Amino acid sequence: NLAKLSVVSDPVEAAAQWERARRLMPNAVLESEDSPDILIRLKRFDEADALMHERQKRFHGDRFSLMSLAKIADYRGDTEEALKRWEVVRSRVRDSVFGYLGVARCLADLGRFEEAETQLDRAHRRDPDSHEVRVTRARLSDRRQDWKQSISRWKHAAESIQDPPAFAFAAKAMIQLGRLDEAEAYLKEPAIAFPNEFEIAFTRAVIAQSRGDLTAACDRWAMVRAMKPQLPVGYQDGAARLVEAGRHADADAVLRAAIERFPDQIWPSRDFAYLAHNRKDWAEAAVRWEELRQRFPAEEAGYSLGAEALKAAGRDEEAAALRHPA
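Residues numbered from 1 in each chain as written. Predicted model: local features only at pLDDT ≥ 70, side-chain atom pairs only at ≥ 80, totals over all residues. Heavy atoms only, no water.

### Side note on the overall build of the protein
Then, number 1: Secondary structure summary: the protein contains 22 helices and zero strands in total.
Then, number 2: Against the compact-globule benchmark of 20 Å for 326 residues, the protein has a radius of gyration of 26 Å, which places it well outside the compact range.
Then, number 3: Summarising its shape, the C-alpha atoms of the protein cover approximately 85 × 50 × 35 Å along the three principal directions.
Then, number 4: Residues classed as buried in the protein amount to 44% of the 326 residues present.
Then, number 5: Sequence separation of at least 24 residues holds for 46% of the intrachain contacts in the protein that already meet a minimum separation of 6.
Then, number 6: As displayed, the protein offers around 17,200 Å² of accessible surface, 49% of which is attributable to carbon and sulfur atoms.
Then, number 7: The centroid of the 52 positive side-chain charges in the protein is displaced by 4 Å from the centroid of its 55 negative side-chain charges. (Helix = DSSP H or I, 4+ residues; strand = E, 2+ residues; numbered from the N terminus. Rg over C-alpha atoms; globule rule 2.2 N^0.38 Å. Buried < 20%, exposed > 50% of the residue type's maximum accessible area, 1.4 Å probe, protein only. Contact = heavy atoms within 4.5 Å. Areas by Shrake-Rupley, 256 points an atom, 1.4 Å probe, with all protein chains shown as cover. Lys, Arg positive; Asp, Glu negative; His and termini not counted. Charge placed at Lys NZ, Arg CZ, Asp CG, Glu CD.)

### Quick look at the packing of helix α17 (residues 232–244) against helix α18 (residues 248–261)
Then, number 1: The geometry of α17 relative to α18 is characterised by a closest axis approach of 8 Å and an angle of 165° between their N-to-C directions. Taken together, the axes of α17 and α18 are roughly antiparallel relative to one another. For the crossing formed where α17 meets α18, the hand is left-handed. Of α18, the residues touching α17 (which contributes Y235, A239, L242 and V243) are H248, D250, A251, V254, L255, A257, A258 and R261. (Axes fitted to C-alpha atoms, helices over the stretch in contact; angles between N-to-C directions. Parallel < 35°, antiparallel > 145°, perpendicular 65-115°, else oblique. Left-handed = near helix turned anticlockwise from the far one by under 90°.)

### Observations regarding the packing of helix α8 (residues 98–109) against helix α10 (residues 131–143)
Then, number 1: Where α8 contacts α10, the axes come no closer than 11 Å and their chain directions differ by 10°. If you check the angle between α8 and α10, you find them roughly parallel. Packed against α8, whose contacting residues are F98, L101, R105, A108 and D109, the element α10 presents E132, V133, T136, L140 and R143 at the interface.
Then, number 2: Here the contact of α8 with α10 is composed, by residue class, of five nonpolar, one polar and four charged. (Nonpolar A, V, L, I, M, F, W, Y, C, P; charged D, E, K, R; others polar.)

### Points about helix α15 (residues 198–211)
Then, number 1: The end-to-end C-alpha distance of α15, which contains 14 residues, comes to 20 Å, matching closely the 20 Å that a straight helix rising 1.5 Å per residue would cover.
Then, number 2: Every buried residue of α15 is listed here: F198, I200, A201, T203, R204, A205, I207 and A208.
Then, number 3: The secondary structure elements touched by the buried residues of α15 are α12 (164–176), α13 (180–186), α14 (188–193) and α16 (214–227).
Then, number 4: Its side-chain oxygen at 3.2 Å from the backbone nitrogen of E199, E197 defines the N-terminal cap of α15.
Then, number 5: Once α15 ends, the next one or two residues include G212, with phi positive near 80°. (Expected span 1.5 Å × (residues − 1). Polar contact = N/O pair within 3.5 Å; in protein donor to acceptor, adjacent residues only side chain to side chain.)

See below:
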């Protein structure tokens, strides 16, 4: 089943299933619109190219293969080739703005922003109600760091169809211009209307942090952690704001959770040790620097600051004996 294959998380198993499908039902593979996406996910770009060229021969004038070939070049990272392919899409698929959008994205990636704007203007004239055109134009303004234009374009994208992420991106452009109060006010109603939208929650945490509103920042970083516990920033910035707010026990708890969630990353253990060190809880700091040395023996801070904590705790002999293995 090609649709199921497209979401297989094990690439080795996915490749094996793909080979079986290719062998047992080649026509179904050729006709399925899942096939190029599967090969892209498997990073088998040459095979994806060959399959779409084969499809072009089988189905004369097939627009799906044209767009897929452009998409394959995009994912391969060959921007010059992708540009050529999207130009073909633009010229042959005339009832759609996808070719213009693809050309514009490639031009932007090549730093040719004015040309990209021209393509997006043409796309907008062809389909002034296209939300994808609005969003692509707003992203181009972001890349050009034309933040006033970004605000205007993201607002239009957000308010035309009540698009939750677009509200957040408009506020992010306001942040770039230092218009923090405006950004806070702008997201007040969207935050209520879309309580589970991550981009809004994340942007509101940044706004509160930038405004120095520690109470709101602590609460909002907690919301970020709850929504996406796999993102380190919720723990790093959240713990730092808790410390600033004098909530040391809560900061400790956040970093303990980070140590468990990111066991192979050094920053949670290091930040956890710094918390005790910076508040001069020398006995606890010595314990935490020891834990850091056990987990990450190459980290120099575990020795230099560990010795400092031991000495401050009155354990001079242990401090003097502590040396980096290198």
